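Structural overview
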Amino acid sequence: MSILGRVVATERKPNTPHEFHFWTALDSPVGIGTIVRVESAQPVSGALPVVYGVVVEGFGYTDVETPLHEVLGYDGEPGGDPGAPTRRTEIRLYSAAVLRHVPEEPLQPVAMGTVHLASDADVAIALRMDAYLTPGASTGIPVGLYRSGATASPVYLDADFLLGPEAAHLNISGVSGLATKTSAVEWLLASIFAHFPEKKGRVAAVCFNVKGPDLCFLDQPAAKLDDADRALYDRLGVPAEPFKDVEYYAPYTAKGFALNTLRSNEALAYNVKPLTWGLREVLQYAEVLLNKDDVDAKADALIDFIKERVVDQEFTDPKYLTSAHRVQSFGELERWFRDLLSGMEKQNAESWRTHHVATIRKVRNRLTNISTRCRGLVTDDGTVSDLPFGEFRDRAVYVVDVANLEADAQDLIFSRIVSQLREHLEKRDLGVEHVIVFVDELNKYAPSDGPDTYVRAMLLDIAERGRYLGLVLFAAQQFRSQVHRRVVGNSGTALFGRMDPDELATPGYATLSPATRTKLSTLEKGQLMVRHPHFSQPVFVRFPRPAVLSGREGVERFPQAPEQTLEEAITRSLRALDNTVTLDWVKETVALAEEEEVLRARNRTLQAKPDDVKAFFRAQLKRRVRSEPTDAPPRQPLKKSPTDDPYGF
Amino acid sequence: MASTYDFAVGGTSIRDALRALKNASVPGDESGSSIVTPAGPALELTPADATPPRLEPAEPIESDPTAVREVGEPVVAFAAFLDGIQTSRALYPDGDSTPLVHGTVAAVIRQRADRALHTWGGAPLISRAFHAPVALLSPRLVARFHAANIPIEDTLEPGDAPDARHPMELLALARNAVQRRRELLEIELAERWTDSETAPLFVDGGISGAGRASQSVLSVGVVKSHRTLYTAGESLAVITALKAAARSAAFEIRPKYRSTVASWYLRLRDARGRDPFFGLVRVEIARESFTSARADEVSRWVLAERSPVSLPDKRWSTMAYGIRDCEEYLRALTGA
């Protein structure tokens, strides 16, 4: 391979074991991020050392000592004398950070030598990928293509360091709208699904769609995927196709008719499922919604009492309660509270089982309010529709659409699902051994400052201990500096797209050279800087456009369904179970029923998935007799009053 | 111990030479060499008894010796630049006033292609050597030089009496010897160029001593210093008053031991408000090739080399950038 440059060291710019300098011809293809190989002619311990480095800084200057000399040369006229017959002597000097010494010992300053562009094999050695790209036992996950000059080398992440157990978690930073965060995750998930070794176990992904339609069309092919993208997919060995196994979950809207998601087009309804929880599910995570300002120790004690002694069991208290209660839903809990407080009032009691009446009123207010705050997610009747915990499928993506929900509901969903994933992974009965949880806007859920919330504590727990369980956090945010340092610090791998210059000025980026920071602030779409435990220095890669339909294009191609009537919503829900259900049949069936009753019947039917959907649904409704005309004789009108009767009305 | 000094490949540095001398094995001399390494600047940077400034009458070869000729717009024509450098350092054997001078000389032609300069012929010519009056050195020191296989260029002419001389006179002799070696390298390169190429060569300094090259139509010498001013009649006032892009009438220079050349003065830059020699050069071409039209043409070529300026060199008003490039290149290679 031709010589690209030569190492140079001066007293002012000496070489060290971790940095060296070299010069090149003016037209060399070297740039910031280029990986180079240095060959020294001076043997050390009987071997000729080879050093690999990545260019982190560049300098260019001429033999002009001061700008004033250049001014004099042009007689002060920038446009004067356009064609000097000789170009000034000019230099391109680069600084490179050492990626690897071969041999590793003795670790010495980089010696003088020739500099070459790294080949495919060089890139693998420089990034220590040779340790995990062993044929037949590779744990490499392609993250992108490193390009420099004519070189285009795949860069692989080590699955053991991306999904555990050695290290885990991924953090992505980048400004919005430049195909960094969502696109990178979509691409990387496809790459993981294509390359994660089967012997390492099964893997699935749970993605929280927190804004817009970003993740709503993962099972639809991309609208535009050009030849360059397909070439990238081919080179990296990833099929250019959408995800084959995707399920969507979304709570109902506040009305309860339709699901609260932008993926509401009927053509895509086949894999969209409701996400609804009842009292038991929510009470487990009540602390997510009840912050410390709301609930003191006394209230906490009452909530624990309700969880342990009241819910899901026969509860009697003849002194205060008029009857036995079996509390299984928010509605039943409300009736229990009402009965209890009424009993206490009648007996003029200030406390019940050490709980003061004020505490009871406060807890009643907070708990029963949850079903209002999280309407659509939390059902009064206790109907549960949940992710298929225990039946997760290999290489499946489960998207939970929380984009249109209030923050409280988002927190509740996130906490409960992640906790369930952890519990099932601990018991090894989730259905897969590894779960990737993707969360965008991490700075909202795990901020570096602000109150210590349940969600943040849980994210910290995943970041620090999740890798042992196979629970892996892929998180994204615009400003990494605003995320809790223990969360980003525990992310073994970090991806950076185009960054905001203000963000790059924060201390977290101080280890990057000014040139690298400049490159980060001007990255094109589809380019990433990658940090990985095996890489001594960050490297720049290019990744293909995701092979799935983007959110923006998706909502254009699959417009949101218009607002539905109750009957239309019921029809659509039931048709997912039985396509003989018609709108007329539904109208006929629910004509006399209350709206709440109809929704409860639908929820129960969806939960039960009965063989005879129509019969089951009808059975959930109260029996009513339609009014009909009788055969009784028509009533005779009263005799008319005379028109001249002065007392007539 | 074998000497590390290899004269065949252009000599070596003072440091290597002193190391070789110290390690040289001389029967009966166990004391080793004791040569004081100078701490001062190179001889070329110290004041010397230079030739005093003078006016030299010259034979005009154009009709009106006092005429001023506008040469026209610059034209780029030079394909290459030739220059050399020299660096001399004096060393004194301990307790002796007879100086040893280590001289480094080098010359190069930098060829222009696509507005960038490259070394012509593959490599520059570089030579290093010691110069001293051998007869005045101690026999023990000479023996040590022999033992180390380091030749000494004798600065005394054959037949010169080995009498004690003023050390500065000896230094001047050595410095002249070094300068002569540099000129020889430059002549060699100039001849190689004119023998093999067809494009004009910009030579730093006069060409009358350039051997065959001095007679070549390709050689153009450009002299920057004016300790000797060539005048014909009343032409001195004309020369000092030249405006930019104007030349004096040409004249003939006939050195005693060198070739006859045609020469004229040319003002490269506007000298208003500056000393009379600002931007003033003297151009030399082969006498046989001279015509007035050619003098104008060559002047236009030289004018084109005003840009880029050679700052920060102090001689920037008269120095072509290509010549500065030659010097920088040779300094980088020789460490001079």
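Below is a short write-up of the structure. Note that the structure is a prediction, hence the values are computed from the model and not measured. (Residues numbered from 1 in each chain as written. Chains lettered and ligands numbered in written order. Predicted model: local features only at pLDDT ≥ 70, side-chain atom pairs only at ≥ 80, totals over all residues. Heavy atoms only, no water.)

All names here are of chain A. Where strand 1 (residues 5-7) and strand 2 (residues 19-24) come together, three bridges link them in antiparallel fashion. Bridging across to strand 2, glycine 5 finds its partner in threonine 24. Relative to strand 5 (residues 90-102), strand 2 runs antiparallel, the two being bridged by six bridges. Its bridge partner lying in strand 5, phenylalanine 22 is registered against tyrosine 94. (Pairing = 2+ DSSP bridges. Helix = DSSP H or I, 4+ residues; strand = E, 2+ residues; numbered from the N terminus.)

This paragraph deals with a nonpolar patch on the surface. Residues and elements named next belong to chain A. A cluster of nonpolar side chains, contributed by Leu68, Val71 and Leu72, occupies part of the molecular surface with about 250 Å² of accessible area. Residue placement: leucine 68 occurs in helix 1 (residues 67-73). You can call leucine 68 exposed: its relative accessible area is 53%. (Patch = residues over 30% accessible without salt bridge, like charges linked within 9 Å, V, L, I, M, F, W, Y side chains within 5 Å. Areas by Shrake-Rupley, 256 points an atom, 1.4 Å probe, with all protein chains shown as cover. Salt bridge = Lys/Arg side-chain N within 4 Å of Asp/Glu carboxyl O. Buried < 20%, exposed > 50% of the residue type's maximum accessible area, 1.4 Å probe, protein only.)

This part takes up the layout of surface pockets. For the second largest pocket, the calculated volume is near 1400 Å³. Every residue lining the second largest pocket is counted, 33 residues in all, and those nearest its centre are Trp23, Thr89, Glu90 and Ile91 of chain A together with Ala332 of chain B. For the lining of the second largest pocket, the elements supplying multiple residues, two or more each, are strand 2, strand 4 (50-62) and strand 5 of chain A together with strand 7 (116-119) and helix 6 (321-334) of chain B. Ranked by residues supplied to the lining of the second largest pocket, first place goes to helix 6 of chain B with six residues. Residue classes in the lining of the second largest pocket are distributed as 15 nonpolar, seven polar and 11 charged. (1 Å grid on protein atoms, 1.4 Å probe; cavity = no way out; pocket = protein on both sides within 12 Å on 5 of 7 lines; lining within 4 Å. Points joined across faces, edges and corners; volume = space filled by probe spheres on them. Nonpolar A, V, L, I, M, F, W, Y, C, P; charged D, E, K, R; others polar.)

What follows covers the nonpolar core. Residue and element names in this part refer to chain A. If you look at the biggest cluster of nonpolar residues, it comprises 80 residues, and the most contacted ones within it are Phe208, Ile306 and Trp336. Per-element tally for this core: the top contributor is helix 11 (residues 407-427), with eight residues. Both of domain 2 (152-270 + 389-554) and domain 3 (280-373) provide at least three residues apiece to this core. Once you skip the residues sitting within four places of it in the chain, isoleucine 306 turns out to touch Leu283, Val311, Leu333, Trp336, Phe337, Val363 and Leu367. Counting residues in each nonpolar core, the second largest holds 69 residues, with Val246, Val397, Val472 and Ala547 among its members. (Core = buried A, V, L, I, M, F, W, Y, C linked by side-chain atoms within 4.5 Å. Domains from an automatic or database assignment. Contact = heavy atoms within 4.5 Å.)

Residues and elements named next belong to chain B. Position of alanine 177 relative to the elements: it lies in helix 3 (residues 167-196). Between the C-alpha atoms of alanine 177 and histidine 131, which are 46 residues apart in sequence, the distance is 7.4 Å. The contact partners of alanine 177, leaving out residues within four places of it in the chain, are His131 and Thr155.

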